[in-house]
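As a plain string of letters, each chain reads:
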Amino acid sequence: MQHTIRSDGLTVTIDELGAQLMSITAGDGTEYLWSGDPAYWRNRAPNLFPYVGRLTQDSYTCGGRTYPMTRHGFAGRTVFTPLDQGPDQIALRMTDSAETRACYPWAFAFDVIFRLEGSTLSVTYRVENRDEKEMYFGLGAHPGFRVPLEAGRSFTGYRLTFARPCQPSRVLLSENYMIGGQEEPYPLEEGRVLPLRHDLFDRDAIILKNMDRTVTLSAGEGTRGVTVSYPRMRYLGIWHKPESDAPFVCLEPWLSLPSRDGVVEDLAQQNDLMALLPGEVYTNQWTATVF
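What counts and how
Residues numbered from 1 in each chain as written. Predicted model: local features only at pLDDT ≥ 70, side-chain atom pairs only at ≥ 80, totals over all residues. Heavy atoms only, no water. Helix = DSSP H or I, 4+ residues; strand = E, 2+ residues; numbered from the N terminus. Rg over C-alpha atoms; globule rule 2.2 N^0.38 Å. Buried < 20%, exposed > 50% of the residue type's maximum accessible area, 1.4 Å probe, protein only. Contact = heavy atoms within 4.5 Å. Areas by Shrake-Rupley, 256 points an atom, 1.4 Å probe, with all protein chains shown as cover. Lys, Arg positive; Asp, Glu negative; His and termini not counted. Charge placed at Lys NZ, Arg CZ, Asp CG, Glu CD. Pairing = 2+ DSSP bridges. Phe/Tyr/Trp six-rings, centres within 6.5 Å; stacked < 30°, edge-to-face > 60°. Disulfide = S-S within 2.5 Å. Axes fitted to C-alpha atoms, helices over the stretch in contact; angles between N-to-C directions. Polar contact = N/O pair within 3.5 Å; in protein donor to acceptor, adjacent residues only side chain to side chain.

Student: Pulling in residues and values, what's your account of the overall build of the protein?
Tutor: Secondary structure summary: the protein contains one helix and 24 strands in total. By the compact-globule yardstick of 19 Å for 291 residues, the protein fits well, its C-alpha radius of gyration being 19 Å. When the backbone C-alpha atoms are referred to their principal axes, the protein occupies close to 55 × 45 × 35 Å. Looking at the 291 residues of the protein, the share that counts as buried comes to 57%. Across the protein, contacts joining residues at least 24 apart in sequence account for 64% of those joining residues at least 6 apart. Of the roughly 12500 Å² that the protein leaves accessible, carbon and sulfur atoms contribute 45%. Where the 28 positive side-chain charges of the protein centre and where its 36 negative ones centre are 1 Å apart.

Student: Help me get a handle on the pairing of strand E20 (residues 226-229), residues and values and all.
Tutor: Going residue by residue along E20, you find Val226 and Val228 tucked away on one face and Thr227 and Ser229 tucked away on the opposite face as well. With four bridges joining them, strand E19 (residues 214-218) and E20 adopt antiparallel strand pairing. Following the sheet pairing, Val215 is matched in E20 by Val228. Inspection of the sheet shows E20 paired to strand E24 (residues 281-290) by four bridges, in the antiparallel sense.

Student: Which residues make up the packing of aromatic side chains, and what values do they have?
Tutor: For the structure on display, the rule yields 19 aromatic pairs. For the ring pair Phe49 and Tyr104, a centre distance of 6.3 Å and an interplane angle of 70 degrees mean the geometry is edge-to-face. With a gap of 55 residues between them, Phe49 in the loop between strand E4 (47-48) and strand E5 (59-62) and Tyr104 in the loop between helix H1 (98-103) and strand E9 (108-117) connect regions that are remote in the sequence. The pair formed by Phe49 and Tyr104 is uniform in burial state, with each residue classed as buried.

Student: Explain the state of the cysteines to me, and be specific about the residues and the numbers.
Tutor: Under the defined criterion, the tally for this structure stands at zero disulfides. The closest cysteine sulfur to the non-disulfide-bonded Cys62 is located on Cys103, 13 Å from its own sulfur.

Student: Lay out the side chain of Thr214 with the relevant residues and their values.
Tutor: Position of Thr214 relative to the elements: it lies in strand E19. Using a relative accessible area of 19% as the deciding quantity, one classes Thr214 as buried. The contacts of Thr214, once residues within four sequence positions are left out, are Thr161, Phe162, Ala163, Thr227, Val228, Ser229 and Tyr230.

Student: Just give me the short version of the sheet that holds strand E7 (residues 81-86), but keep the residues and values in it.
Tutor: In any sheet, the strands associate via hydrogen bonds between backbone groups, in a parallel or an antiparallel arrangement. Judged by pairing direction, the sheet is antiparallel, and its nine strands sit side by side in the order E7-E8-E9-E10-E24-E20-E19-E14-E17 without closing on themselves. On the outer flanks of this sheet lie E7 and strand E17 (193-195), each paired with one strand and no other. Strand-to-strand, the axes of this sheet are offset by a mean angle of 15 degrees, without reference to chain direction. With 10 bridges joining them, E9 and strand E10 (residues 120-129) adopt antiparallel strand pairing. Considered in E10, the bridge of Arg115 is made with Ser122.

Student: Describe the sheet that holds strand E1 (residues 2-6), and please don't skip the residues or the numbers.
Tutor: Spatial strand order, E1-E2-E3: three strands in an open sheet with antiparallel pairing. The open sheet terminates on both sides in strands that have one partner only, identified here as E1 and strand E3 (20-26). Ignoring which end each strand starts from, the neighbouring axes of this sheet average 15 degrees apart. The sheet contact formed by strand E2 (residues 10-15) and E3 spans six bridges and is antiparallel.

Student: Go over the environment of Met233 with me, naming the residues and quoting the values.
Tutor: Turning to its location among the elements, Met233 is positioned in the loop between E20 and strand E21 (235-239). Non-local contacts of Met233, meaning those with residues more than four positions away in its chain, are made with Tyr125, Met211, Arg213, Pro253, Trp254, Leu255 and Asn284.

Student: Requested: an account of the environment of Trp239, with residues and values cited.
Tutor: Examined against the element boundaries, Trp239 turns out to sit in strand E21. Discounting residues that sit within four places of it in the chain, Trp239 has contacts with Trp41, His142, Phe201, Asp204, Ala205, Phe248, Val249, Cys250 and Glu252. Looking at Trp239, its side chain comes within polar contact range of the side chain of Asp204, at 3.4 Å.

Student: Any chance you could break down unusual backbone geometry for me, citing the residues and the numbers?
Tutor: The general pattern is negative phi for most residues beyond glycine and trans for most peptide bonds. Here the residue pair Phe49 and Pro50 is connected by a cis peptide bond, since its omega of 0 degrees sits within 30 degrees of zero. Across the junction of Val147 and Pro148, the peptide omega takes the value 10 degrees, indicating a cis bond. Looking at where Pro148 falls in the secondary structure, it is placed in the loop between strand E13 (144-146) and strand E14 (159-162). Notably, His72 is not glycine yet its phi reads approximately 65 degrees, a positive angle. The residue His72 is located in the loop between strand E6 (65-68) and E7 in this model.

Honestly, it's all geometry; don't read function into it.
Shown next, in the form of structure tokens:
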């Protein structure tokens, strides 16, 4: 089932499957979100929980046991339950089940809360540890935005512009598309600008750290664009389908990284995961402002 919320500037639709955004539409009818065309990528904006990216051998250990876990965790394959809805907001929740406990041995609640204010969409993640033992998890967003956003423009006419000058590092991926253990400087034009090209993604995602935490997708002054802010996310993934001319780009705020290549991770030892004591609650948020 899908739900629609509205503000003066936006109409947003969310599917209960995965609590996934399905549409972000401006008042004049401009659609900002990727369409989910399976010729390129069938998703639109998955929520990544309780892990981001791939795990070596699709598994991890915790407490001396090994558990299976597929890429990006299981939230995207789970039907969420609406908690409450108003004209401009909705909260959806998933909780543990026999199916989740087979691959993730904790009792938990994971809420995704969508709110609109004018032309800004905020997405808040709330994770509650309902177990009697410490809980470990990763978290991230994976929204895809259409490029170009208006007729008469091309993918290569667009750029990503960080709000402030920064000197990011790129976290390099291995041949298996997991963390390879190396990083390198990732210089930006004028210290802020990354022009888009399709071949940027031929080796999968660009994963940045130490970047500014607000970035704008646009084709220049006065054109359609979207600004994504993620003040408490440590990483930014930038992606579209490798070796393609895909007409979208994903701007992915991540709290944590994928597995190291060749290492079956112990979640209790992976230092960029969150750890919650019994009864604790963790929240994080990203926003998208369209123009």
